[in-house]
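Read off the chains here:
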Amino acid sequence: MDATTVTVTGAGGQIGYSLLFRIASGDMLGADRPVRLRLLEIPQGLKGAEGAALELQDCAFPLLAGVEITDDARVAFDGANLALLVGARPRTAGMERADLLAANAGIFGPQGAALNDVAADDIRVAVVGNPANTNALIAAASAPDIPGDRFAALTRLDHDRAVAQLAAALDVPVAHLRGVVVWGNHSATQFPDVAHATVDGRPVLDALADRLGGADAATTWLDEEFVPRVAKRGAEIIAVRGSSSAASAANAAISHVRDLVHRTGDAWTSAAVLSHGEYGVPDGLYSSAPVSSDGTGYRIVEGLELDDRGRARLDASVAELVAERDAVHALGVI
Ligand code: NDP
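Residues numbered from 1 in each chain as written. Predicted model: local features only at pLDDT ≥ 70, side-chain atom pairs only at ≥ 80, totals over all residues. Heavy atoms only, no water.

K.L.:
What's the story with helix α11 (residues 308–331) in this structure? I'm lost.
P.N.:
Structurally, the α-helix is built with 3.6 residues per turn, so residues lying three or four positions apart point the same way. With 24 residues, α11 should reach 34 Å at 1.5 Å per residue; the first-to-last C-alpha distance of 35 Å fits that figure. Of the residues making up α11, those classed as buried are G310, L314, S317, V318, L321, E324, A327 and V328. On its buried face, α11 is in contact with α4 (97–118), α5 (132–141), β8 (181–183), β9 (191–193) and β13 (286–293). At the exit of α11 stands G332, carrying a positive phi of roughly 75°. (Helix = DSSP H or I, 4+ residues; strand = E, 2+ residues; numbered from the N terminus. Expected span 1.5 Å × (residues − 1). Buried < 20%, exposed > 50% of the residue type's maximum accessible area, 1.4 Å probe, protein only. Contact = heavy atoms within 4.5 Å.)

The structure is reproduced here in structure tokens:
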């Protein structure tokens, strides 16, 4: 089998350090698919990427067909089949949102243009670097020849966090849960939704009501504990660990691509994909939704009912995405 070319940006950073070894071991694409890694870094990050490449060599991964390191996006994306856009400009103290968006537009715009010019025809792009949804929008807008549905932003970590919190609350293994959805922006406004979730085929809302002493208690737990805990889990990890949740973010990126390539079956997961107006989300935004894949790409699962509470939360998160898009337009970057 020909090797799949996988480009990782920000490869010398913390997420990159967890991600590269799992890609090279076959966790992402399968034990029968050789991979060629391309590591993109800014000049200051090259040493980190070079160090990771030395360790990759020392692992003697049978599936690893090669590792190249570069600070040139056109070299990194040349012939790429998959691109994981991890490197981004972090928000620093006192930075306004417009400055953050402008700095990231300066990264994701040129990367989108390079992908457009040199990536393989079957390129798929997963954006991890924050603000991930709007960075995906910028990259896709800068790649007019690549269909917009080839881009997605990662909300899989939010999805997995929601599943794990529910499993703990219900005292069941995570594999017994299905149907969780994360809606909206990968930010504090995201809406982890359990209205369609089941545990061993039974509505999660009923199971929570039994466990917590009634439907009102379940709603209170969801609104006051579950949703904020999932949305703020990144800050909780930083407070406890002293650094950010790099390994779980890398794991979520692996799961996102693995399910995209190897199909979700009749289950769904969550990803921020291009909206065509589903669930009232304006056309052209990258907003998290329930998605399934037949191996060719993520598509939004339609037909779920949103109650008033869910509608209000999704609308609030979409309003934030619209504001980010408008700010990017005002900057003239797309
Ligand atoms: P990380 O590898 O920890 O994070 C990278 C990006 O992923 C950040 O935008 C971060 O957002 C985001 N992210 C998404 N989900 C999570 C999560 N659950 N936990 C943590 N981060 C998450 O950052 P490092 O600073 O260690 O590494 C970044 C690397 O990118 C550096 O080596 C830098 O040189 C490089 N870089 C490369 C570029 C390029 O290739 N052109 C451009 C810019 C940077 P958040 O900031 O919100 O935590």
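K.L.:
Would you mind going over helix α2 (residues 46–59) with me for this structure?
P.N.:
When the terminal C-alpha atoms of α2 are compared, their 20 Å separation across 14 residues agrees well with the 20 Å that a helix rising 1.5 Å per residue should span. Along α2, the positions that sit buried rather than exposed are L46, A49, A52, A53 and L56. One side of α2 carries all its buried residues, which in axial view fall inside an arc of 120°. For α2, the exposed residues lying more than 90 degrees away from the buried face are K47, L54 and D58. If you follow the buried residues of α2, they end up packed against α1 (14–25), β2 (35–40) and β3 (64–70). A60 sits one or two residues past α2 and shows a positive phi near 50°. (Arc of directions from axis to C-beta.)

K.L.:
Could you clarify how one ought to interpret the sheet that holds β2 in this entry?
P.N.:
Paired through backbone hydrogen bonds, the strands of a sheet run either parallel or antiparallel to each other. As summarised here, the arrangement of the 9 strands in space is β3-β2-β1-β4-β5-β6-β12-β13-β14, forming an open sheet in which the pairing is mixed. Every other strand in the sheet has two partners, leaving β3 and β14 (298–300) as the edge strands with one partner each. In this sheet, neighbouring strand axes are inclined to one another by 30° on average, regardless of whether the strands run parallel or antiparallel. As defined by bridge partners, strand β12 (residues 269–274) adjoins β13 across 6 bridges and the pair is classed as antiparallel. Bridged to V273 within β13 is S287. Here α1 sits on the sheet and contacts β1 (4–9), β2, β3 and β4 (82–85); the angle it forms with β2, its principal contact strand, is near 165°. (Pairing = 2+ DSSP bridges. Axes fitted to C-alpha atoms, helices over the stretch in contact; angles between N-to-C directions.)

K.L.:
Help me understand the nonpolar core in this model?
P.N.:
The nonpolar side chains of soluble globular proteins are, as a tendency, buried together. Formed by 40 residues in total, the largest nonpolar core has its most connected members in L166, L170, L177, W183, V204, L208 and F226. Taken together, the elements giving at least two residues each to this core come down to α6 (156–170), β8, α7 (204–212), α8 (215–231), β12, β13, β14 and α11. At 6 residues, α8 tops the list of elements feeding residues into this core. Here L170 is in contact with L177, V199, V204, A207, L208 and R211, once residues within four sequence places are set aside. Ranked by size, the runner-up nonpolar core spans 33 residues in total, among them A24, L154, A252 and I254. (Core = buried A, V, L, I, M, F, W, Y, C linked by side-chain atoms within 4.5 Å.)

K.L.:
What am I meant to see in the domain arrangement of the protein here?
P.N.:
How big an interface is tends to be stated in terms of accessible area lost as the parts join. Parsing the protein into structural domains produces domain 1 (4–153) and domain 2 (156–326). Between the C-alpha centres of domain 1 and domain 2 the distance comes to 24 Å. Contacts between the two partners involve 30 residues from domain 1 and, on the opposite side, 30 residues from domain 2. The junction of domain 1 with domain 2 conceals about 2400 Å² of combined surface from both sides, 63% of it contributed by carbon and sulfur atoms. Connecting domain 1 to domain 2 are 0 salt bridges. In this assembly, domain 1 and domain 2 are joined by 9 residue pairs in polar contact (both at pLDDT 80 or more). Elements with a minimum of two residues in the side of domain 1 that touches domain 2: α1, β4, α4, β5 (124–127), α5 and β6 (151–153). Take the side of domain 1 that touches domain 2: its biggest share by element is 6 residues, from α1. (Domains from an automatic or database assignment. Buried area = accessible area lost by both parts, 1.4 Å probe. Salt bridge = Lys/Arg side-chain N within 4 Å of Asp/Glu carboxyl O. Polar contact = N/O pair within 3.5 Å; in protein donor to acceptor, adjacent residues only side chain to side chain.)

K.L.:
Whenever I open this one, the packing of aromatic side chains confuses me. Can you help?
P.N.:
Applying the stated rule across the entire model yields 3 aromatic pairs. Taken together, a centroid distance of 4.7 Å and an interplanar angle of 75° make the contact between W183 and Y279 edge-to-face. Within this pair, whereas W183 is found in strand β8, its partner Y279 is found in the loop between β12 and β13, the two being separated by 96 residues in sequence. Here Y279 falls in the buried class, since its relative accessible area comes to 14%. (Phe/Tyr/Trp six-rings, centres within 6.5 Å; stacked < 30°, edge-to-face > 60°.)

K.L.:
Just checking my understanding: could you explain the sheet that holds strand β10 (residues 198–199) for this structure?
P.N.:
Read across the sheet, 3 strands follow the order β7-β10-β11 without closing on themselves; strand pairing throughout is antiparallel. In this open sheet, the two strands that pair with only one neighbour each are β7 (177–178) and β11 (202–203). Both β10 and β11 contribute to a ladder of 2 bridges, which runs antiparallel. Bridging from a neighbouring strand, V199 pairs with R202 of β11.

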